[in-house]
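# Survey of secondary and tertiary structure
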Amino acid sequence: MLYVFYGEKFWIKEKVKELSERAEEKGREVILLEEGIDTPLNSFLSRDLFGRKILLIGQNLFEIPERKEEIKALASDIASSENIFILVEEEFSDTWEKLFKGVGAKIQEFKK
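My aim in this report is to walk through the structure given alongside it, one point at a time. (Residues numbered from 1 in each chain as written. Predicted model: local features only at pLDDT ≥ 70, side-chain atom pairs only at ≥ 80, totals over all residues. Heavy atoms only, no water.)

What follows deals with unusual backbone geometry. A negative phi angle is the norm for most residues apart from glycine, just as the trans form is the norm for most peptide bonds. Even without glycine at this site, Asn60 takes up a positive phi of about 55°. Here Asn60 falls in the partly exposed class, since its relative accessible area comes to 26%. (Buried < 20%, exposed > 50% of the residue type's maximum accessible area, 1.4 Å probe, protein only.)

Take a look at the structure:
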């Protein structure tokens, strides 16, 4: 499942915190994907070694050209994954919005 959050950072942070806490209560592993972590996204498409679902939070991944291309190539697989992917971006283009909607991602804008 793929969620894309964009807009006001404060409200996004609150929502991500809430979702992370709920995921941990359900026994899911929560992984924050940041710059410097080179693990390929396709390695998160299925459950972990212990059979637990994963909540993967990627913040500002569009700033990393390799990650941006990886997201574009895997968008459909990410959206249909049994794991939950949350992409957090300040903004993104209409082209990206069309791509995300086309694969069934849930897009939410957070406003001040």
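From this point, the discussion proceeds with the structure in view.
This brings us to the pattern of salt bridges. One pass over the structure, following the stated rule, counts four salt bridges. The salt bridge partner of Arg22 is Glu18, with a shortest N-O separation of 3.3 Å. Separated by four residues within a single helix, Arg22 and Glu18 lie in helix α1 (residues 9–25), roughly one turn from each other. Using a relative accessible area of 36% as the deciding quantity, one classes Glu18 as partly exposed. (Salt bridge = Lys/Arg side-chain N within 4 Å of Asp/Glu carboxyl O. Helix = DSSP H or I, 4+ residues; strand = E, 2+ residues; numbered from the N terminus.)

Below, the discussion takes up the sheet that holds strand β3 (residues 54–59). Ordered by their spatial adjacency, five strands build an open sheet running β2-β3-β4-β1-β5, and the pairing between neighbours is parallel. Each having just a single partner strand, β2 (29–33) and β5 (106–110) make up the two edges of the open sheet. When strand polarity is set aside, the average angle formed by the axes of neighbouring strands in this sheet is 15°. When strand β1 (residues 2–7) meets β5, the two strands line up parallel, connected through five bridges. Bridging from a neighbouring strand, Tyr3 pairs with Lys106 of β5. Across the sheet, α1 lies against β1, β2, β3, β4 (84–89) and β5, angled at about 150° from β1, the strand it touches most. Sheet strands touched by helix α2 (residues 65–79): β1, β2 and β4. Its angle to β1, the strand with the most contacts, is close to 130°. (Pairing = 2+ DSSP bridges. Axes fitted to C-alpha atoms, helices over the stretch in contact; angles between N-to-C directions. Contact = heavy atoms within 4.5 Å.)

The geometry of an aromatic ring pair is captured by two quantities: the separation of the ring centres and the angle between the planes. Applying the stated rule across the entire model yields eight aromatic pairs. Ring geometry for Phe5 and Phe110: centres 5.2 Å apart, planes at 75°, overall edge-to-face. Residue Phe5 is located in strand β1, and its partner Phe110 is located in strand β5; the two are separated by 105 residues in the primary sequence. Phe110 matches Phe5 in its accessibility class, with the two residues each being buried. A centroid spacing of 4.4 Å and a plane angle of 35° characterise the contact between Phe62 and Trp96, whose relative ring orientation is tilted. Taken together, the residues span a long stretch of sequence, with Phe62 in the loop between β3 and α2 and Trp96 in helix α3 (residues 94–102) at a distance of 34 residues. (Phe/Tyr/Trp six-rings, centres within 6.5 Å; stacked < 30°, edge-to-face > 60°.)

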